[in-house]
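Close look at the chain arrangement
Now for the letters of each chain:
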Amino acid sequence: MLFPNLANKIQDTFQRLRGKGKLTERDLDEALREVRLALLEADVNFKVVKGFLSSVKERSLGHEVLKSITPGQQIVKIVHEEMTKLMGGGVSRLEIKETPACIMLVGLQGSGKTTTAAKLARHLSKQHRPLLVAADIYRPAAVKQLQVLGESLSLPVFSMGEANPVDIARASREKARKEGRDLILLDTAGRLHIDEAMMQELQDIKEAVKPAEILLVVDAMTGQDAVNIAGSFHERLGITGVILTKVDGDTRGGAALSVKAVTGCPIKFVGLGEKTEAFEPFHPDRFASRILGMGDVISLVEKAQATLDTEKAREMEKKIFSKTFSLEDFKEQLQQVRSMGPLDELLDMIPGAGKMNKAMKNIKVDEKELSRIEAIINSMTPGERQNPEIIGNSRKRRIAAGSGTRVQDVNQLLKQFTQMRKMMKQFGDMGKGRRGGKKFPF
Ligand SMILES: Nc1nc2c(ncn2[C@@H]2O[C@H](COP(=O)(O)OP(=O)(O)O)[C@@H](O)[C@H]2O)c(=O)[nH]1
Ligand SMILES: [Mg+2]
């Protein structure tokens, strides 16, 4: 769940509000007091909280909301709009015009610059030909880290060992021109704290290459600190946007909700995990929806479209409802779903499911369990995957040993699979009997 503490508290508050038929100004005040506490606990800047709540209250009282037949819903709608506005309104896009354009990534050590450089390169490689540039010369492993990431994405990485970062930045423009690269992503060095040497170096690089964008990478886990850091960098360098990383996990949300309001710099992207695909443009309205438990169906659909092969999905659907559905198909299907991202993150995007997920805390989607299933299927021969019926005791022992599991795990998987296949087959048959040969019974 996105910002679990904040989201749960706010959603509880509004659920209670919606449960009431009529609302008085006192009910509203009480709800807003709860929201205020939740926001402060989430480390949202106190001035931001104050301004936000007063606009919500003003609008709620001004539009005869309380007298309407669905006051609770109306208030949630107002909160959603105000929260969206707070985070910058619409999507803030990158300004990439000249060729090659340079995007400079700056930020403290460990904030996620190097990872983000790779994520951004991957994201932009659909429309551009990016060149990753290693300008962090102080940490010996930093250049290597970028090279490994570049290689995993099949994108070129330019480095000059421990040469002066300003020279590296300059040389990278030549390199990009020569190799027909239209976008330079400059990974710079950070420090543990803001210090003069770092700022001077960044300023020198800025002077030398005149970047189209200077994006500050900040760790969302640091809450209000992230906002202060953004303020300092902006004052000195004039950043054009913020990339908020580590928004996954149990980040409190304060940074996401305050950065724009306090510094005037929009959040342009968010990082949602360690993998290079865990990255997306920041949509304030969708974030607000997720915080308020309204789901984010649009992101979910976009994600599915980007990851799943529709042709394959259709084929799979046909197979699932037929006799030929094998363990091989089952594995492929598992992989397709998993490639969309962590399962609990996907659940979070379905309206209401965030709450449901919370209620079913002990059923938590278990990624390890999925890995085990995959390992077991991997240890089977093609024949066994096609025809699980042939798997006797000695085969079970071999499969368990091969996958590092126990015979009872193999048994459990086979049993579940057989049951599932039977059920699917029934659905399939039911479907066939219906007029028009419609496949789904529901
Ligand atoms: N969970 C999570 N980890 C991240 C994210 N972005 C970066 N990291 C991790 O944060 C650590 C520091 O990242 P790195 O890119 O080396 O930071 P740099 O020092 O600013 O270059 C690494 O372990 C990354 O895997 C993110 O969005 N989510
Ligand atoms: Mg780095």
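Let me sum up the structure you'll find in this document. Note that the structure is a prediction, hence the values are computed from the model and not measured.

Focus: unusual backbone geometry
Peptide bonds are trans in most cases, and residues, glycine excluded, mostly fall at negative phi. Cis geometry is found at the peptide bond from T99 to P100, where omega equals -10°. For S154, which is not glycine, the phi dihedral falls at a positive 55°. With respect to the secondary-structure elements, S154 resides in the loop between helix 6 (140-152) and strand 3 (157-158). With a phi angle near 45°, K210 is a residue other than glycine that sits in the positive phi range. Positionally, K210 belongs in the loop between helix 8 (196-209) and strand 5 (213-219).

What about the environment of R286?
Positionally, R286 belongs in helix 11 (residues 284-291). Take R286: its relative accessible area is 11%, and that puts it in the buried class. For the pair R286 and G90, spaced 196 residues apart in sequence, the C-alpha separation works out to 9.9 Å.

Observations regarding the packing of aromatic side chains
Taken as a whole, this structure holds three aromatic pairs when the rule is applied. Here the aromatic residues F3, F282 and F287 are joined through ring pairs into a cluster of three or more. Taking the ring centre of Y138 as reference, the NZ or CZ of R191 above it sits at 5.1 Å. Across the ring face of F287, the terminal group of R290 is positioned such that the distance to the ring centre comes to 5.7 Å.

Focus on the side chain of S172
Mapping S172 onto the fold places it in helix 7 (residues 165-178). Residue S172 is classed as buried on the basis of its relative accessible area of 1%. Excluding its chain neighbours within four sequence positions, the residues that come into contact with S172 are L131, V133, F158, I184 and L186.

Considerations on the nonpolar core
Residues I10, L186 and F233 are the most contacted members of the largest nonpolar core, which totals 77 residues. Two domains each donate at least three residues to this core, and these are domain 1 (4-86) and domain 2 (101-294). Setting aside residues no more than four positions away along its own chain, I10 makes contact with V35, A38, L39, M83, I291 and L292. Counting 24 residues, the second largest nonpolar core, distinct from the first, contains A101, L153, L185 and L215.

Brief notes about the site of ligand 1
Neighbouring ligand 1 are 18 residues, the closest being G110, K113, T114, T115 and D248. G110 has a polar backbone atom sitting 2.8 Å from an oxygen atom of ligand 1. At 3.3 Å, a backbone N or O of G271 approaches an oxygen atom of ligand 1. A total of 580 Å² of accessible area belongs to ligand 1 in isolation, and the protein chains cover 81% of it.

Structural notes on the sheet that holds strand 1 (residues 101-106)
Here we have eight strands laid out as an open sheet, ordered 3-2-4-1-5-6-7-8, and mixed in their pairing. Only two strands of the sheet have a single neighbouring strand rather than two, namely strand 3 and strand 8 (279-281). Alignment of strand 1 against strand 4 (residues 183-188), held across five bridges, turns out to be parallel. The partner of M104 across the bridge, within strand 4, is L186. Contacts between helix 5 (residues 113-124) and the sheet are confined to strand 1, strand 2 (130-135), strand 4, strand 5, strand 6 (241-245), strand 7 (267-271) and strand 8, with strand 4 contributing the most and set at about 170° to the helix. On top of the sheet, helix 8 reaches strand 1, strand 4 and strand 5; it is set at about 175° to strand 1, its chief contact.

The rules behind these values
- Residues numbered from 1 in each chain as written.
- Chains lettered and ligands numbered in written order.
- Predicted model: local features only at pLDDT ≥ 70, side-chain atom pairs only at ≥ 80, totals over all residues.
- Heavy atoms only, no water.
- Helix = DSSP H or I, 4+ residues; strand = E, 2+ residues; numbered from the N terminus.
- Buried < 20%, exposed > 50% of the residue type's maximum accessible area, 1.4 Å probe, protein only.
- Phe/Tyr/Trp six-rings, centres within 6.5 Å; stacked < 30°, edge-to-face > 60°.
- Lys NZ or Arg CZ within 6 Å of the ring centre and 35° of its normal.
- Contact = heavy atoms within 4.5 Å.
- Core = buried A, V, L, I, M, F, W, Y, C linked by side-chain atoms within 4.5 Å.
- Domains from an automatic or database assignment.
- Near = heavy atom within 4 Å.
- Polar contact = N/O pair within 3.5 Å; in protein donor to acceptor, adjacent residues only side chain to side chain.
- Areas by Shrake-Rupley, 256 points an atom, 1.4 Å probe, with all protein chains shown as cover.
- Pairing = 2+ DSSP bridges.
- Axes fitted to C-alpha atoms, helices over the stretch in contact; angles between N-to-C directions.

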